[in-house]
Amino acid sequence: MSEVTQFLERYYKDPVAFVENVLEVRPEPWQRLILEAFARGDRKISIRSGHGVGKTACASWLLLFHILTRIPQKSVCTACTSTQLFDSLFSELKIWIERLPPVIRNWLDYTSERVVLKASPHESFIVAKTARAETPDALQGIHSENVLLVVDEAAAVAEPVYEAAGSSMTSEHACTVLLGNPTRPTGYFYETFHRLSGDWTNFKISCFDSSRVAKTYPEEMAAMYGEDSNVYRTRVLAEFPMTEDDVLISTELVAAAVERDVEVNPDAGIVWGLDVARYGQDSSALCKRKKNHVLEKIKIWNRIDLMELTGNVVNEYEETHETDKPDQIFVDSIGLGAGVVDRMQELGLPVRGINVSETPSSDKYANMRAELWDKAKSWFEQRDCRIPDDRKLISELSVPKYTYNSRGKLKIEAKEEIKQRGLKSPDLADSFVLTMMDHGSGGSIAPWNQPLKRRVAL
Ligand SMILES: Nc1ncnc2c1ncn2[C@@H]1O[C@H](COP(=O)(O)OP(=O)(O)O)[C@@H](O)[C@H]1O
Ligand SMILES: [Mg+2]
(Lines give C-alpha, C1' and ligand atoms only; values in the text may rest on other atoms or scores of the structure.)
(Ligands and ions follow the chains in the order given, each with its own letter.)
Protein backbone atom coordinates (compact mmCIF):
# COMPACT_ATOMS: atom_id res chain seq x y z
CA MET A 1 0.00 0.00 0.00
CA SER A 2 1.34 3.42 -0.85
CA GLU A 3 1.96 5.96 1.87
CA VAL A 4 -0.91 8.07 0.56
CA THR A 5 -3.38 5.21 0.60
CA GLN A 6 -2.32 4.25 4.09
CA PHE A 7 -2.65 7.83 5.23
CA LEU A 8 -6.14 8.14 3.74
CA GLU A 9 -7.29 4.84 5.21
CA ARG A 10 -6.18 5.91 8.63
CA TYR A 11 -7.34 9.51 8.70
CA TYR A 12 -10.06 10.11 6.09
CA LYS A 13 -12.83 9.92 8.66
CA ASP A 14 -10.90 11.01 11.71
CA PRO A 15 -9.69 14.60 11.87
CA VAL A 16 -9.11 14.31 15.63
CA ALA A 17 -6.63 11.49 15.12
CA PHE A 18 -5.03 13.51 12.32
CA VAL A 19 -4.51 16.46 14.66
CA GLU A 20 -3.24 14.29 17.50
CA ASN A 21 -0.98 11.95 15.53
CA VAL A 22 0.11 13.93 12.51
CA LEU A 23 0.24 17.48 13.86
CA GLU A 24 1.09 16.12 17.30
CA VAL A 25 -1.03 18.53 19.25
CA ARG A 26 -3.79 17.79 21.72
CA PRO A 27 -6.99 19.62 20.80
CA GLU A 28 -8.96 21.27 23.55
CA PRO A 29 -12.30 19.51 24.18
CA TRP A 30 -14.22 22.18 22.22
CA GLN A 31 -11.73 22.03 19.34
CA ARG A 32 -12.35 18.30 19.27
CA LEU A 33 -16.11 18.92 19.02
CA ILE A 34 -15.61 21.17 16.03
CA LEU A 35 -13.43 18.60 14.26
CA GLU A 36 -16.00 15.93 15.03
CA ALA A 37 -18.82 18.09 13.67
CA PHE A 38 -16.94 18.28 10.40
CA ALA A 39 -16.24 14.55 10.41
CA ARG A 40 -19.90 13.66 10.86
CA GLY A 41 -20.81 15.83 7.90
CA ASP A 42 -22.03 19.12 9.36
CA ARG A 43 -21.72 21.54 6.49
CA LYS A 44 -22.38 24.88 8.14
CA ILE A 45 -20.43 25.56 11.27
CA SER A 46 -20.28 28.91 13.05
CA ILE A 47 -18.07 29.54 16.02
CA ARG A 48 -18.16 32.62 18.21
CA SER A 49 -15.46 32.95 20.76
CA GLY A 50 -13.57 35.13 23.17
CA HIS A 51 -10.08 36.36 22.53
CA GLY A 52 -7.19 33.93 22.03
CA VAL A 53 -9.08 30.69 22.67
CA GLY A 54 -7.49 28.87 19.73
CA LYS A 55 -10.09 29.07 16.98
CA THR A 56 -7.78 30.18 14.18
CA ALA A 57 -5.54 27.23 15.01
CA CYS A 58 -8.53 24.90 14.86
CA ALA A 59 -9.54 26.31 11.47
CA SER A 60 -5.99 25.78 10.21
CA TRP A 61 -6.11 22.13 11.25
CA LEU A 62 -9.34 21.68 9.32
CA LEU A 63 -7.83 23.29 6.24
CA LEU A 64 -4.83 20.98 6.37
CA PHE A 65 -6.98 17.95 7.05
CA HIS A 66 -9.14 18.89 4.08
CA ILE A 67 -6.35 19.39 1.56
CA LEU A 68 -4.59 16.22 2.67
CA THR A 69 -7.59 13.89 2.77
CA ARG A 70 -10.15 15.22 0.25
CA ILE A 71 -8.93 14.88 -3.31
CA PRO A 72 -9.63 16.94 -5.32
CA GLN A 73 -10.67 19.88 -3.13
CA LYS A 74 -10.69 23.64 -3.12
CA SER A 75 -10.43 25.65 0.07
CA VAL A 76 -10.75 29.38 0.44
CA CYS A 77 -9.89 31.31 3.55
CA THR A 78 -10.96 34.83 3.92
CA ALA A 79 -11.14 37.72 6.37
CA CYS A 80 -12.07 41.35 5.94
CA THR A 81 -8.57 42.80 6.08
CA SER A 82 -5.37 41.48 4.62
CA THR A 83 -3.70 41.87 8.02
CA GLN A 84 -6.27 39.57 9.59
CA LEU A 85 -5.98 37.14 6.74
CA PHE A 86 -2.22 36.97 6.23
CA ASP A 87 -0.87 37.82 9.68
CA SER A 88 -3.33 35.66 11.50
CA LEU A 89 -5.10 32.87 9.59
CA PHE A 90 -2.59 32.20 6.85
CA SER A 91 0.43 32.55 9.09
CA GLU A 92 -1.16 30.16 11.61
CA LEU A 93 -1.77 27.73 8.74
CA LYS A 94 1.90 27.90 7.80
CA ILE A 95 2.98 27.24 11.37
CA TRP A 96 1.01 23.99 11.28
CA ILE A 97 2.31 23.06 7.81
CA GLU A 98 5.80 23.32 9.28
CA ARG A 99 4.72 20.97 12.04
CA LEU A 100 3.79 18.20 9.58
CA PRO A 101 6.13 15.23 9.38
CA PRO A 102 8.54 15.87 6.45
CA VAL A 103 7.06 13.09 4.29
CA ILE A 104 3.62 14.63 4.43
CA ARG A 105 4.79 18.23 4.29
CA ASN A 106 6.47 17.26 1.07
CA TRP A 107 3.07 16.60 -0.52
CA LEU A 108 2.41 20.33 -0.28
CA ASP A 109 3.89 23.48 -1.73
CA TYR A 110 3.10 26.95 -0.55
CA THR A 111 3.52 30.57 -1.49
CA SER A 112 2.45 33.71 0.34
CA GLU A 113 -1.21 33.26 -0.55
CA ARG A 114 -1.63 29.73 -1.74
CA VAL A 115 -1.05 26.18 -0.56
CA VAL A 116 -1.21 23.46 -3.20
CA LEU A 117 -1.15 19.71 -3.30
CA LYS A 118 1.84 19.02 -5.52
CA ALA A 119 0.13 16.07 -7.17
CA SER A 120 -2.66 18.26 -8.58
CA PRO A 121 -1.89 21.93 -7.94
CA HIS A 122 -4.79 23.25 -10.03
CA GLU A 123 -7.43 20.97 -8.59
CA SER A 124 -6.37 20.85 -4.95
CA PHE A 125 -5.39 24.05 -3.24
CA ILE A 126 -6.02 26.46 -0.37
CA VAL A 127 -6.20 30.08 -1.40
CA ALA A 128 -6.34 33.23 0.72
CA LYS A 129 -8.60 36.01 -0.53
CA THR A 130 -9.47 39.22 1.24
CA ALA A 131 -13.23 39.75 1.56
CA ARG A 132 -14.16 43.34 0.82
CA ALA A 133 -17.55 44.93 0.34
CA GLU A 134 -16.39 46.59 -2.91
CA THR A 135 -15.16 43.28 -4.34
CA PRO A 136 -17.43 40.77 -2.67
CA ASP A 137 -16.46 37.77 -4.77
CA ALA A 138 -13.97 36.12 -2.37
CA LEU A 139 -16.17 33.07 -1.85
CA GLN A 140 -18.04 33.20 -5.13
CA GLY A 141 -18.11 30.48 -7.73
CA ILE A 142 -15.93 27.92 -5.92
CA HIS A 143 -16.77 24.52 -7.32
CA SER A 144 -15.10 21.20 -6.71
CA GLU A 145 -16.01 17.78 -5.41
CA ASN A 146 -14.98 19.09 -2.01
CA VAL A 147 -15.11 22.72 -0.97
CA LEU A 148 -14.09 24.25 2.35
CA LEU A 149 -14.77 27.91 3.02
CA VAL A 150 -13.25 29.46 6.13
CA VAL A 151 -14.12 32.99 7.20
CA ASP A 152 -12.04 34.35 10.06
CA GLU A 153 -13.37 37.24 12.15
CA ALA A 154 -16.66 36.62 10.38
CA ALA A 155 -18.61 39.39 12.17
CA ALA A 156 -16.49 42.00 10.43
CA VAL A 157 -17.01 40.62 6.93
CA ALA A 158 -19.44 42.71 4.87
CA GLU A 159 -22.87 41.39 3.91
CA PRO A 160 -22.30 41.47 0.11
CA VAL A 161 -19.52 38.90 0.58
CA TYR A 162 -21.98 36.45 2.14
CA GLU A 163 -24.61 37.23 -0.47
CA ALA A 164 -22.13 36.50 -3.26
CA ALA A 165 -21.03 33.31 -1.48
CA GLY A 166 -24.53 31.85 -1.59
CA SER A 167 -24.11 29.29 -4.36
CA SER A 168 -20.67 28.16 -3.17
CA MET A 169 -22.00 27.62 0.35
CA THR A 170 -25.08 25.72 -0.65
CA SER A 171 -23.41 23.28 -3.02
CA GLU A 172 -23.73 19.74 -1.75
CA HIS A 173 -20.03 19.12 -1.17
CA ALA A 174 -19.21 22.40 0.49
CA CYS A 175 -18.48 23.03 4.13
CA THR A 176 -18.47 26.58 5.48
CA VAL A 177 -16.82 27.51 8.76
CA LEU A 178 -17.38 30.99 10.18
CA LEU A 179 -15.38 32.00 13.20
CA GLY A 180 -14.87 35.16 15.13
CA ASN A 181 -15.37 37.42 18.05
CA PRO A 182 -19.09 38.26 18.15
CA THR A 183 -18.47 41.98 17.76
CA ARG A 184 -21.60 43.00 15.88
CA PRO A 185 -25.19 42.21 16.88
CA THR A 186 -26.45 42.27 13.30
CA GLY A 187 -25.40 40.76 10.02
CA TYR A 188 -24.94 37.31 8.60
CA PHE A 189 -22.60 35.91 11.27
CA TYR A 190 -25.03 37.07 13.97
CA GLU A 191 -27.95 35.54 12.12
CA THR A 192 -26.26 32.13 11.97
CA PHE A 193 -26.76 32.07 15.74
CA HIS A 194 -30.31 33.40 15.59
CA ARG A 195 -32.66 33.43 12.63
CA LEU A 196 -30.59 30.92 10.64
CA SER A 197 -29.51 28.79 13.59
CA GLY A 198 -31.57 25.84 12.36
CA ASP A 199 -29.16 25.46 9.43
CA TRP A 200 -25.95 26.01 11.38
CA THR A 201 -24.01 24.05 13.95
CA ASN A 202 -23.22 26.71 16.54
CA PHE A 203 -20.33 26.84 18.95
CA LYS A 204 -19.70 29.40 21.65
CA ILE A 205 -16.31 29.36 23.32
CA SER A 206 -15.76 31.84 26.10
CA CYS A 207 -12.35 32.48 27.57
CA PHE A 208 -13.39 30.30 30.49
CA ASP A 209 -13.80 27.34 28.12
CA SER A 210 -10.22 27.46 26.86
CA SER A 211 -7.03 26.59 28.69
CA ARG A 212 -5.18 28.69 26.08
CA VAL A 213 -6.34 31.91 27.73
CA ALA A 214 -4.47 33.19 30.78
CA LYS A 215 -6.57 32.88 33.91
CA THR A 216 -5.89 36.55 34.65
CA TYR A 217 -7.25 37.79 31.31
CA PRO A 218 -10.96 37.87 32.26
CA GLU A 219 -10.10 39.59 35.54
CA GLU A 220 -8.01 42.20 33.77
CA MET A 221 -10.76 42.86 31.25
CA ALA A 222 -13.36 43.09 34.03
CA ALA A 223 -11.20 45.55 35.97
CA MET A 224 -10.61 47.68 32.91
CA TYR A 225 -14.06 47.68 31.29
CA GLY A 226 -16.48 46.14 33.79
CA GLU A 227 -18.28 42.82 33.52
CA ASP A 228 -21.34 44.54 32.02
CA SER A 229 -19.34 46.18 29.26
CA ASN A 230 -19.62 45.16 25.65
CA VAL A 231 -15.87 44.63 25.56
CA TYR A 232 -16.13 42.02 28.29
CA ARG A 233 -19.18 40.45 26.65
CA THR A 234 -17.54 40.00 23.29
CA ARG A 235 -13.88 39.37 24.16
CA VAL A 236 -14.35 37.25 27.27
CA LEU A 237 -17.86 35.78 27.27
CA ALA A 238 -18.24 35.36 23.50
CA GLU A 239 -21.61 37.10 23.71
CA PHE A 240 -22.85 39.56 21.13
CA PRO A 241 -22.75 43.17 22.35
CA MET A 242 -25.82 44.95 23.65
CA THR A 243 -26.63 48.10 21.70
CA GLU A 244 -29.67 50.07 20.69
CA ASP A 245 -29.95 47.47 17.97
CA ASP A 246 -31.02 45.08 20.70
CA VAL A 247 -34.21 47.03 21.30
CA LEU A 248 -37.08 44.85 20.15
CA ILE A 249 -39.38 47.50 18.70
CA SER A 250 -37.49 50.32 17.03
CA THR A 251 -38.40 53.95 17.65
CA GLU A 252 -38.89 54.33 13.90
CA LEU A 253 -41.54 51.60 13.84
CA VAL A 254 -43.44 53.18 16.72
CA ALA A 255 -43.14 56.75 15.43
CA ALA A 256 -44.58 55.70 12.08
CA ALA A 257 -47.74 54.39 13.80
CA VAL A 258 -48.59 57.58 15.68
CA GLU A 259 -51.91 58.89 14.39
CA ARG A 260 -51.39 57.05 11.13
CA ASP A 261 -54.25 57.45 8.73
CA VAL A 262 -55.70 53.94 8.65
CA GLU A 263 -59.09 52.34 8.40
CA VAL A 264 -60.48 50.68 11.49
CA ASN A 265 -62.98 47.92 10.99
CA PRO A 266 -66.06 49.12 12.89
CA ASP A 267 -67.09 45.54 13.66
CA ALA A 268 -63.77 44.48 15.17
CA GLY A 269 -63.79 43.46 18.81
CA ILE A 270 -62.21 45.52 21.55
CA VAL A 271 -59.78 44.24 24.15
CA TRP A 272 -58.28 45.92 27.18
CA GLY A 273 -54.93 45.28 28.81
CA LEU A 274 -54.36 46.13 32.47
CA ASP A 275 -50.85 46.20 33.91
CA VAL A 276 -51.03 46.27 37.70
CA ALA A 277 -48.33 48.10 39.67
CA ARG A 278 -46.09 45.65 41.46
CA TYR A 279 -44.30 48.16 43.63
CA GLY A 280 -45.01 51.52 45.17
CA GLN A 281 -43.36 53.64 42.49
CA ASP A 282 -44.85 51.77 39.50
CA SER A 283 -48.09 52.81 37.83
CA SER A 284 -51.08 50.73 36.92
CA ALA A 285 -51.97 51.23 33.28
CA LEU A 286 -55.00 50.43 31.12
CA CYS A 287 -54.84 50.15 27.34
CA LYS A 288 -57.84 49.85 25.02
CA ARG A 289 -57.29 48.37 21.59
CA LYS A 290 -59.66 47.72 18.74
CA LYS A 291 -57.81 45.48 16.31
CA ASN A 292 -55.26 47.74 14.56
CA HIS A 293 -56.10 50.81 16.62
CA VAL A 294 -55.13 51.84 20.15
CA LEU A 295 -58.27 53.80 20.90
CA GLU A 296 -57.06 56.40 23.38
CA LYS A 297 -54.12 57.44 25.52
CA ILE A 298 -53.22 54.88 28.14
CA LYS A 299 -55.02 55.52 31.47
CA ILE A 300 -52.69 55.50 34.44
CA TRP A 301 -53.22 55.32 38.16
CA ASN A 302 -50.38 55.96 40.58
CA ARG A 303 -50.03 54.75 44.13
CA ILE A 304 -53.49 53.44 44.65
CA ASP A 305 -54.44 50.25 46.39
CA LEU A 306 -55.96 47.22 44.77
CA MET A 307 -59.52 47.92 45.72
CA GLU A 308 -59.30 51.45 44.46
CA LEU A 309 -57.72 50.25 41.19
CA THR A 310 -60.38 47.58 40.76
CA GLY A 311 -63.07 50.18 41.45
CA ASN A 312 -61.62 52.51 38.82
CA VAL A 313 -61.45 49.82 36.16
CA VAL A 314 -64.96 48.60 36.95
CA ASN A 315 -66.26 52.18 36.69
CA GLU A 316 -64.46 52.59 33.42
CA TYR A 317 -66.12 49.42 32.18
CA GLU A 318 -69.59 50.39 33.33
CA GLU A 319 -69.36 53.87 31.89
CA THR A 320 -68.27 52.55 28.51
CA HIS A 321 -71.07 52.51 25.97
CA GLU A 322 -72.40 49.00 25.37
CA THR A 323 -71.02 48.85 21.78
CA ASP A 324 -67.56 49.91 22.97
CA LYS A 325 -67.26 47.48 25.85
CA PRO A 326 -64.29 45.10 25.65
CA ASP A 327 -64.79 41.43 24.80
CA GLN A 328 -61.94 40.65 27.13
CA ILE A 329 -59.82 42.39 29.73
CA PHE A 330 -56.35 40.89 30.07
CA VAL A 331 -54.76 41.54 33.43
CA ASP A 332 -51.17 40.84 34.41
CA SER A 333 -51.88 38.45 37.27
CA ILE A 334 -48.37 38.34 38.70
CA GLY A 335 -48.32 39.39 42.34
CA LEU A 336 -50.92 42.00 43.19
CA GLY A 337 -52.69 41.63 39.86
CA ALA A 338 -54.11 38.30 40.98
CA GLY A 339 -56.29 40.08 43.54
CA VAL A 340 -57.58 42.47 40.90
CA VAL A 341 -58.50 39.55 38.65
CA ASP A 342 -60.36 37.76 41.48
CA ARG A 343 -62.36 40.84 42.37
CA MET A 344 -63.24 41.72 38.79
CA GLN A 345 -64.31 38.13 38.22
CA GLU A 346 -66.63 38.31 41.18
CA LEU A 347 -68.19 41.39 39.66
CA GLY A 348 -68.79 39.53 36.41
CA LEU A 349 -66.35 41.40 34.14
CA PRO A 350 -64.87 39.43 31.19
CA VAL A 351 -61.45 39.36 32.80
CA ARG A 352 -58.56 36.99 32.14
CA GLY A 353 -55.49 36.71 34.32
CA ILE A 354 -52.24 36.43 32.40
CA ASN A 355 -49.05 35.26 34.03
CA VAL A 356 -46.42 36.48 31.58
CA SER A 357 -43.71 34.26 33.03
CA GLU A 358 -45.59 31.15 32.04
CA THR A 359 -45.13 28.85 29.07
CA PRO A 360 -45.64 30.43 25.66
CA SER A 361 -47.62 28.76 22.88
CA SER A 362 -44.54 28.46 20.67
CA ASP A 363 -41.14 27.14 21.67
CA LYS A 364 -39.52 30.09 19.90
CA TYR A 365 -39.98 32.03 23.12
CA ALA A 366 -38.46 31.83 26.59
CA ASN A 367 -41.80 32.82 28.18
CA MET A 368 -45.10 34.45 27.41
CA ARG A 369 -43.78 37.94 27.98
CA ALA A 370 -41.41 37.38 25.05
CA GLU A 371 -44.23 35.99 22.92
CA LEU A 372 -46.54 38.93 23.61
CA TRP A 373 -43.83 41.53 22.97
CA ASP A 374 -42.92 39.79 19.73
CA LYS A 375 -46.59 39.89 18.68
CA ALA A 376 -46.61 43.58 19.49
CA LYS A 377 -43.61 44.02 17.23
CA SER A 378 -45.39 42.20 14.39
CA TRP A 379 -48.45 44.38 14.98
CA PHE A 380 -46.27 47.45 14.33
CA GLU A 381 -44.51 45.80 11.42
CA GLN A 382 -47.81 45.36 9.58
CA ARG A 383 -47.67 49.14 9.23
CA ASP A 384 -51.44 49.42 9.12
CA CYS A 385 -51.86 50.21 12.79
CA ARG A 386 -52.43 53.39 14.70
CA ILE A 387 -51.59 54.59 18.20
CA PRO A 388 -52.47 57.92 19.80
CA ASP A 389 -49.85 60.60 20.35
CA ASP A 390 -49.10 59.36 23.85
CA ARG A 391 -45.51 60.41 24.62
CA LYS A 392 -45.05 58.01 27.52
CA LEU A 393 -46.36 55.03 25.61
CA ILE A 394 -44.26 55.91 22.57
CA SER A 395 -41.04 56.13 24.54
CA GLU A 396 -41.69 52.99 26.60
CA LEU A 397 -42.38 50.79 23.58
CA SER A 398 -38.79 51.15 22.41
CA VAL A 399 -37.20 50.44 25.79
CA PRO A 400 -37.11 46.65 26.29
CA LYS A 401 -34.15 44.86 24.77
CA TYR A 402 -34.19 41.33 23.54
CA THR A 403 -31.68 38.50 23.74
CA TYR A 404 -31.69 34.80 23.06
CA ASN A 405 -31.13 32.41 25.91
CA SER A 406 -28.68 29.53 25.71
CA ARG A 407 -31.38 27.41 24.07
CA GLY A 408 -31.91 29.96 21.33
CA LYS A 409 -35.25 31.23 22.64
CA LEU A 410 -36.25 34.86 22.45
CA LYS A 411 -36.18 36.67 25.80
CA ILE A 412 -37.42 40.15 26.55
CA GLU A 413 -35.76 42.25 29.20
CA ALA A 414 -37.70 42.01 32.47
CA LYS A 415 -39.12 45.08 34.20
CA GLU A 416 -36.55 44.64 36.96
CA GLU A 417 -33.67 44.63 34.47
CA ILE A 418 -35.01 47.76 32.81
CA LYS A 419 -35.15 49.49 36.16
CA GLN A 420 -31.57 48.44 36.83
CA ARG A 421 -30.60 50.37 33.71
CA GLY A 422 -31.99 53.43 35.49
CA LEU A 423 -35.17 53.58 33.41
CA LYS A 424 -38.77 53.63 34.53
CA SER A 425 -40.75 50.41 34.48
CA PRO A 426 -42.54 50.35 31.06
CA ASP A 427 -46.01 49.94 32.56
CA LEU A 428 -47.90 51.68 29.77
CA ALA A 429 -46.22 49.63 27.09
CA ASP A 430 -46.87 46.47 29.08
CA SER A 431 -50.59 47.23 29.25
CA PHE A 432 -50.62 47.55 25.48
CA VAL A 433 -48.62 44.35 25.07
CA LEU A 434 -51.13 42.47 27.24
CA THR A 435 -53.82 43.21 24.67
CA MET A 436 -51.83 41.02 22.25
CA MET A 437 -53.15 38.07 24.21
CA ASP A 438 -56.15 37.98 21.88
CA HIS A 439 -53.83 36.88 19.04
CA GLY A 440 -54.08 33.33 20.30
CA SER A 441 -51.15 33.00 22.73
CA GLY A 442 -50.72 30.02 24.97
CA GLY A 443 -50.19 29.81 28.68
CA SER A 444 -52.81 29.17 31.25
CA ILE A 445 -55.51 31.74 31.06
CA ALA A 446 -58.12 31.49 33.72
CA PRO A 447 -61.49 31.67 31.95
CA TRP A 448 -63.29 34.66 33.32
CA ASN A 449 -66.02 32.59 34.91
CA GLN A 450 -63.74 30.02 36.52
CA PRO A 451 -61.31 30.30 39.40
CA LEU A 452 -57.91 31.68 38.56
CA LYS A 453 -55.01 29.28 38.47
CA ARG A 454 -52.17 31.11 40.13
CA ARG A 455 -48.49 30.38 40.13
CA VAL A 456 -45.55 31.99 41.79
CA ALA A 457 -43.80 34.13 39.22
CA LEU A 458 -40.31 35.52 38.96
N1 LIG B 1 -4.83 22.83 21.31
C2 LIG B 1 -3.77 23.63 21.18
N3 LIG B 1 -2.55 23.23 21.58
C4 LIG B 1 -1.48 24.02 21.45
N5 LIG B 1 -1.51 25.27 20.94
C6 LIG B 1 -2.69 25.75 20.56
C7 LIG B 1 -3.88 24.96 20.64
N8 LIG B 1 -4.91 25.71 20.17
C9 LIG B 1 -4.39 26.89 19.81
N10 LIG B 1 -3.06 26.95 20.04
C11 LIG B 1 -2.17 28.10 19.90
O12 LIG B 1 -2.67 29.14 20.75
C13 LIG B 1 -2.46 30.42 20.16
C14 LIG B 1 -3.78 31.21 20.09
O15 LIG B 1 -4.67 30.53 19.22
P16 LIG B 1 -5.47 31.26 18.03
O17 LIG B 1 -6.03 30.16 17.22
O18 LIG B 1 -4.67 32.30 17.35
O19 LIG B 1 -6.61 31.94 18.91
P20 LIG B 1 -7.88 32.80 18.42
O21 LIG B 1 -7.93 32.73 16.93
O22 LIG B 1 -9.04 32.13 19.06
O23 LIG B 1 -7.67 34.17 18.94
C24 LIG B 1 -1.85 30.17 18.80
O25 LIG B 1 -0.45 30.33 18.92
C26 LIG B 1 -2.18 28.70 18.51
O27 LIG B 1 -1.19 28.08 17.70
MG1 LIG C 1 -7.81 34.25 15.54
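See the structure shown above.
Residues numbered from 1 in each chain as written. Chains lettered and ligands numbered in written order. Predicted model: local features only at pLDDT ≥ 70, side-chain atom pairs only at ≥ 80, totals over all residues. Heavy atoms only, no water.

## Considering the site of ligand 1
Move 1: Near ligand 1 you find 15 residues, and of these Gly54, Lys55, Thr56, Ala57 and Glu92 are the closest.
Move 2: For ligand 1, an oxygen atom lies 3.2 Å from a polar atom in the backbone of Val53.
Move 3: Between ligand 1 and the protein, one listed contact pairs an oxygen atom with a side-chain N or O atom of Thr56 at 2.7 Å.
Move 4: Bound to the protein, ligand 1 loses 74% of the 560 Å² it would expose on its own.
Move 5: Among the secondary structure elements, those contributing two or more residues to the shell around ligand 1 are α4 (55–69) and α5 (82–98).
Move 6: Top element by residues in the shell around ligand 1 is α4. It accounts for four residues.
Move 7: A breakdown of the residues in the shell around ligand 1 according to their chemical character gives six nonpolar, four polar and five charged. (Near = heavy atom within 4 Å. Polar contact = N/O pair within 3.5 Å; in protein donor to acceptor, adjacent residues only side chain to side chain. Areas by Shrake-Rupley, 256 points an atom, 1.4 Å probe, with all protein chains shown as cover. Helix = DSSP H or I, 4+ residues; strand = E, 2+ residues; numbered from the N terminus. Nonpolar A, V, L, I, M, F, W, Y, C, P; charged D, E, K, R; others polar.)

## Some thoughts on the environment of Ile418
Move 1: With respect to the helices and strands, the residue Ile418 is situated in helix α16 (residues 415–420).
Move 2: Spatially, the C-alpha atom of Ile418 lies 48 Å from that of His66, the residues being 352 residues apart in sequence.
Move 3: Dropping the residues within four chain positions of it, Ile418 is found in contact with Arg369, Val399, Pro400, Glu413, Leu423, Lys424 and Pro426. (Contact = heavy atoms within 4.5 Å.)

## Some words on the packing of helix α14 (residues 368–381) against helix α17 (residues 427–434)
Move 1: Packing of α14 against α17 brings their axes to within 9 Å, and their N-to-C directions diverge by 85 degrees. Regarding the angle of α14 to α17, the classification is roughly perpendicular. Packed against α14, whose contacting residues are Arg369, Leu372, Trp373, Ala376, Trp379 and Phe380, the element α17 presents Ala429, Asp430, Phe432 and Val433 at the interface.
Move 2: Each residue belonging to the contact of α14 with α17 can be placed in one class, and the counts come to eight nonpolar, no polar and two charged. (Axes fitted to C-alpha atoms, helices over the stretch in contact; angles between N-to-C directions. Parallel < 35°, antiparallel > 145°, perpendicular 65-115°, else oblique.)

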